[in-house]
Amino acid sequence: MALRGAACVLLRTAVDVGFKNHARGVRSTAVLGHRSPPLGPMPNEDIDSSQLDSLEKYRSYTRYVTAVEEADRKEVWWRTYRKHREEETEEAVKPINIGLPYQRPSRKTEVRERKRLMMENKRNPELERADRLRDFRISVDKVKAEWEKSNGPYHLQRVAEHYGVYKDLFPMAYFVPRVMLRVTYGDNSDAVVHYGNHLTPTQAAHAPQISYEAEENSLWTLLLTSPDEHLMDSEQEYLHWLVGNIPGNAVTSGEEICHYISPFPTRGTGFHRFIFILFKQDGLVDFSTDQRTAPCYCLKQRTFRTLDFYRKHQDVITPAGLAFHQSQWDQSVTDTFHQLLTMREPVFEYERPPVYHPAQKKYPQGQPLRYLDRYRNGTEHTYGIY
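Everything numeric here is computed off the predicted structure, so don't read it as measured data.

A. Examining helix α6 (residues 125–133) more closely. The N-cap of α6, judged by a side-chain oxygen 3.0 Å from the amide nitrogen of Glu126 a few residues on, is Asn124. At the C-terminal side of α6, Arg134 shows a positive phi close to 60 degrees.

What follows is the structure, given as structure tokens:
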């Protein structure tokens with residue numbers, strides 16, 4: 001009663017003073033549960049639930065999915081605040097492209113060139129005869145060369161994202177490998193590095209042969225690193241090879257900043273990634289601060305981080321090529337630790353827990369004849385003897 005009386009006195013005073021509009025605001029704030037009208041119609045507000053049979057039927061799942069996608073893309077007022085915030089956050093932390101600039105040719109030019117080639121093929125009697133007799137052959141090398149110029153770089157980018165190459169080497173950045181990097185091991189080039197294939201440390205014991213297309217007066221930097229090998233810090237890498245100021249594609253004529261060492265994935269840690277990155281230089285680069293003494297068999301000196309190296313020289317180098325493989329422990333890793341690194345080999349073993357068996361039942365129902373073997377002492381099985 002006292003609260004109601006105070007509210008009446010307050011309203012009367014406001015009317016007497018002349019604040020009629022403000023009196024309405026005071027009354028609305030005093031009423032609990034007051035809600036403002038919506039900004040627009042709610043979803044499915046126009047549907048009459050009593051006559052559902054009269055609604056339009058989708059008739060197929062494809063039409064339903066199309067309608068759902070169109071409704072999801074439509075901007076409506078009742079979208080949640082969290083969704084808006086997630087979109088803003090994704091836009092703010094969107095990774096940037098640090099690779100070579102690329103300008104795609106116009107679509108009209110591509111279509112015109114494709115039509116011209118099709119007309120030439122139709123006028124060629126040899127192709128027409130081969131197609132009619134079904135003995136037409138396509139050169140795999142030509143198809144691969146066309147793929148490398150068109151969709152190949154984007155396919156390699158997706159593969160590198162799948163293996164976490166950009167996430168571990170260039171956080172919040174990526175690049176499209178425009179230059180096709182070819183890496184082969186062995187005298188006969190029998191071990192080829194593709195994009196995530198498996199090679200043993202024995203196959204990669206010596207420096208590989210590197211080839212790529214480059215202009216005569218261009219300069220390049222080649223890097224081989226492993227983001228999974230470091231024994232002390234998971235954020236660091238081990239540098240396996242670094243060659244700078246390479247004239248053209250003559251890797252042997254470049255400045256060897258850190259000599260090559262074979263992969264040494266420790267025992268019990270599974271597969272490790274070994275990543276080749278090719279940088280294009282705008283000019284000569286001074287790598288004196290990155291130089292390692294030769295021979296360098298100290299893991300502390302080989303501790304490396306690709307992001308720091310790129311930030312130091314980002315004004316003159318640009319990532320352009322990519323290739324990587326995976327390696328797992330074999331016997332040559334032990335020789336590398338003992339003979340080259342002169343240290344005890346770290347071994348990681350997984351201790352398997354004992355096999356769990358439920359409590360034994362006196363009268364097991366529906367169990368096989370060897371039910372009691374799991375509860376016997378020793379490893380010798382006695383089949384059918386109970």
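Back to the write-up after that little detour.
B. Seen up close, the packing of aromatic side chains. Per the stated rule, a full pass over the model turns up 14 aromatic pairs. Seen from their ring centres, Tyr166 and Phe175 are 5.4 Å apart, and the 70 degrees between their planes marks the pair as edge-to-face. Given a relative accessible area of 1%, Phe175 falls into the buried group. Ring geometry for Phe304 versus Phe309: centroids 5.7 Å apart, planes at 50 degrees, classification tilted. A single burial state applies to Phe304 and to Phe309, both of which are buried. Among the aromatic residues, those joined into a ring-pair cluster are Tyr166, Phe170, Phe175 and Tyr310. Over the ring of Trp329 we find Arg267; its NZ or CZ atom is 4.4 Å from the centre of that ring.

C. Region of interest: the layout of surface pockets. Roughly 830 Å³ of volume is contained in the largest pocket. Put simply, the parts of the chain that give the lining of the largest pocket at least two residues each are α5 (107–123) and α7 (140–149). Counting residues per element, the lining of the largest pocket draws most heavily on α5, which supplies seven residues. Partitioned by chemical class, the residues of the lining of the largest pocket number nine nonpolar, four polar and nine charged.

D. Expanded view of a nonpolar patch on the surface. On the surface, Tyr58, Tyr61, Tyr64 and Val68 cluster together into a nonpolar patch covering about 440 Å² of accessible area. Its location among the elements puts Tyr61 in helix α3 (residues 61–73). Tyr61 gets classed as exposed once you look at its relative accessible area, which sits at 64%.

Basis of the calculations
- Residues numbered from 1 in each chain as written.
- Predicted model: local features only at pLDDT ≥ 70, side-chain atom pairs only at ≥ 80, totals over all residues.
- Heavy atoms only, no water.
- Polar contact = N/O pair within 3.5 Å; in protein donor to acceptor, adjacent residues only side chain to side chain.
- Helix = DSSP H or I, 4+ residues; strand = E, 2+ residues; numbered from the N terminus.
- Phe/Tyr/Trp six-rings, centres within 6.5 Å; stacked < 30°, edge-to-face > 60°.
- Buried < 20%, exposed > 50% of the residue type's maximum accessible area, 1.4 Å probe, protein only.
- Lys NZ or Arg CZ within 6 Å of the ring centre and 35° of its normal.
- 1 Å grid on protein atoms, 1.4 Å probe; cavity = no way out; pocket = protein on both sides within 12 Å on 5 of 7 lines; lining within 4 Å.
- Points joined across faces, edges and corners; volume = space filled by probe spheres on them.
- Nonpolar A, V, L, I, M, F, W, Y, C, P; charged D, E, K, R; others polar.
- Patch = residues over 30% accessible without salt bridge, like charges linked within 9 Å, V, L, I, M, F, W, Y side chains within 5 Å.
- Areas by Shrake-Rupley, 256 points an atom, 1.4 Å probe, with all protein chains shown as cover.
- Salt bridge = Lys/Arg side-chain N within 4 Å of Asp/Glu carboxyl O.

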